[in-house]
Amino acid sequence: DAGVIQSPRHEVTEMGQEVTLRCKPISGHNSLFWYRQTMMRGLELLIYFNNNVPIDDSGMPEDRFSAKMPNASFSTLKIQPSEPRDSAVYFCASSATGGNQPQHFGDGTRLSIL
Amino acid sequence: GDSVTQMEGPVTLSEEAFLTINCTYTATGYPSLFWYVQYPGEGLQLLLKATKADDKGSNKGFEATYRKETTSFHLEKGSVQVSDSAVYFCALSSNTNAGKSTFGDGTTLTVKP
């Protein structure tokens with residue numbers, strides 16, 4: 001079974017540029033989560049979707065961040081304009097419906113904003 | 001709201017030592033409890049889980065028992081190996097919130113030969 005697939009694995013760009021991170025969840029999973037991980041702040045939930053609908057975006061740090069899930073097999077996280085403090089590893093995770101289901105994480109996108 | 005408190009790290013052990021990483025939680029209702037492991041350069045992956053009180057989750061020599069009376073889910077392993085060096089996260093998930101999980105801060109384990 002293919003796991004959660006994220007692209008790109010690494011992204012280096014200059015501040016002010018638009019960044020788009022992509023995620024393909026596991027087929028059949030109803031929930032999708034975007035996280036950010038840094039040494040200083042640890043693992044932070046940014047936003048999550050259920051059945052393609054955003055449920056809670058209270059973790060999105062600023063209006064510069066936006067996320068979409070146009071269908072069950074694809075989601076994007078966009079930062080526009082990017083800033084150096086956005087440098088982090090961004091993870092996407094998916095899970096089947098039900099509180100007793102674990103989350104399955106992708107390998108992350110390591111983002112560096114110069 | 002829900003919360004998870006993990007033993008602070010980092011933890012450094014010699015190979016074959018006994019491991020305990022403490023985890024306590026606060027939640028309404030009857031959450032499911034999880035331990036995840038993160039190896040360098042990778043995402044978190046499920047290590048074990050327990051879905052009701054007194055359940056014991058186990059995998060790869062690791063164990064944790066869901067203790068409702070002490071609201072705890074401590075991770076244990078009898079004999080650690082160098083390859084167990086990683087960051088360990090305790091997490092809970094309530095049956096509401098579409099599978100959203102609350103994670104602890106993570107505990108870094110280093111095992112020395």
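Keep in mind it's a predicted model, so treat the numbers as computed, not measured.

Draft legend 1. How the structure looks around the overall build of chain B. If you tally the helices and strands in chain B, you get zero helices and twelve strands. Counting helices and strands in the order they occur from the N terminus, chain B gives β-β-β-β-β-β-β-β-β-β-β-β. In terms of overall size, chain B behaves like a compact globule, its C-alpha atoms giving a radius of gyration of 14 Å where 113 residues would be expected to give roughly 13 Å. Principal axes of the C-alpha set define a box for chain B whose edges measure 45 × 30 × 20 Å. Buried positions account for 43% of the 113 residues belonging to chain B. Taking all contacts inside chain B whose residues are at least 6 apart in sequence as the whole, residues at least 24 apart take part in 55%.

Draft legend 2. Fine view of the overall build of chain A. Counting its secondary structure elements, chain A contains zero helices and eleven strands. Counted from the first residue to the last, chain A has its helices and strands arranged as β-β-β-β-β-β-β-β-β-β-β. Expected size for 114 residues packed as a compact globule is a radius of gyration near 13 Å; at 13 Å, chain A falls within 12% of this value. Structurally, chain A occupies a C-alpha span of about 40 × 30 × 25 Å along its principal axes. The proportion of buried residues among the 114 residues of chain A is 46%.

Draft legend 3. Spatial organisation of the pattern of salt bridges. All names here are of chain A. For the structure on display, the rule yields twelve salt bridges over all chains. For E18, the salt bridge goes to K78, with nearest N and O atoms at 3.9 Å. Remark: K78 occurs in strand 8 (residues 74–79) and E18 occurs in the loop between strand 2 (10–13) and strand 3 (19–24); sequence separation between them is 60 residues. A relative accessible area of 45% means that E18 is categorised as partly exposed. Across the salt bridge formed by R64 and E62, the nearest N and O atoms sit 2.8 Å from each other. Each of the salt bridges in this network shares a partner with another, and the network as a whole consists of E62, R64, E83, R85 and D86.

Draft legend 4. Region of interest: the interface of chain B and chain A. Contact with chain B, which involves 21 residues of that partner, is made by 21 residues of chain A. Taking both partners together, chain B and chain A bury about 1500 Å²; carbon and sulfur atoms supply 53% of that area. For the pair chain B and chain A, the number of links is one salt bridge. The salt bridge involving K100 of chain B is made with D56 of chain A; its shortest N-O contact spans 3.7 Å. Where chain B meets chain A, there are four residue pairs in polar contact (both at pLDDT 80 or more). Among the secondary structure elements, those contributing two or more residues to the side of chain B that touches chain A are strand 5 (32–38), strand 6 (45–50), strand 10 (86–93) and strand 11 (101–103) of chain B.

Draft legend 5. Representation of the side chain of T107 of chain B within the structure. Residues and elements named next belong to chain B. Residue placement: T107 occurs in strand 12 (residues 107–112). A polar contact is formed between the side chain of T107 and the side chain of Q6, at a distance of 2.9 Å. Not counting chain neighbours up to four residues away, the residues in contact with T107 comprise Q6, M7, G9, V11, I21, A86, V87 and Y88.

Draft legend 6. Inspection of the sheet that holds strand 8 (residues 62–65) of chain B at higher detail. Residues and elements named next belong to chain B. Spatial strand order, 3-9-8-7: four strands in an open sheet with antiparallel pairing. Looking at the sheet topology across the chains shown, the edges are occupied by strand 3 (19–21) and strand 7 (56–59). Strand-to-strand, the axes of this sheet are offset by a mean angle of 15 degrees, without reference to chain direction. As paired elements, strand 7 and strand 8 share four bridges and run antiparallel to each other.

Cut-offs applied
- Residues numbered from 1 in each chain as written.
- Chains lettered and ligands numbered in written order.
- Predicted model: local features only at pLDDT ≥ 70, side-chain atom pairs only at ≥ 80, totals over all residues.
- Heavy atoms only, no water.
- Helix = DSSP H or I, 4+ residues; strand = E, 2+ residues; numbered from the N terminus.
- Rg over C-alpha atoms; globule rule 2.2 N^0.38 Å.
- Buried < 20%, exposed > 50% of the residue type's maximum accessible area, 1.4 Å probe, protein only.
- Contact = heavy atoms within 4.5 Å.
- Salt bridge = Lys/Arg side-chain N within 4 Å of Asp/Glu carboxyl O.
- Buried area = accessible area lost by both parts, 1.4 Å probe.
- Polar contact = N/O pair within 3.5 Å; in protein donor to acceptor, adjacent residues only side chain to side chain.
- Pairing = 2+ DSSP bridges.
- Axes fitted to C-alpha atoms, helices over the stretch in contact; angles between N-to-C directions.

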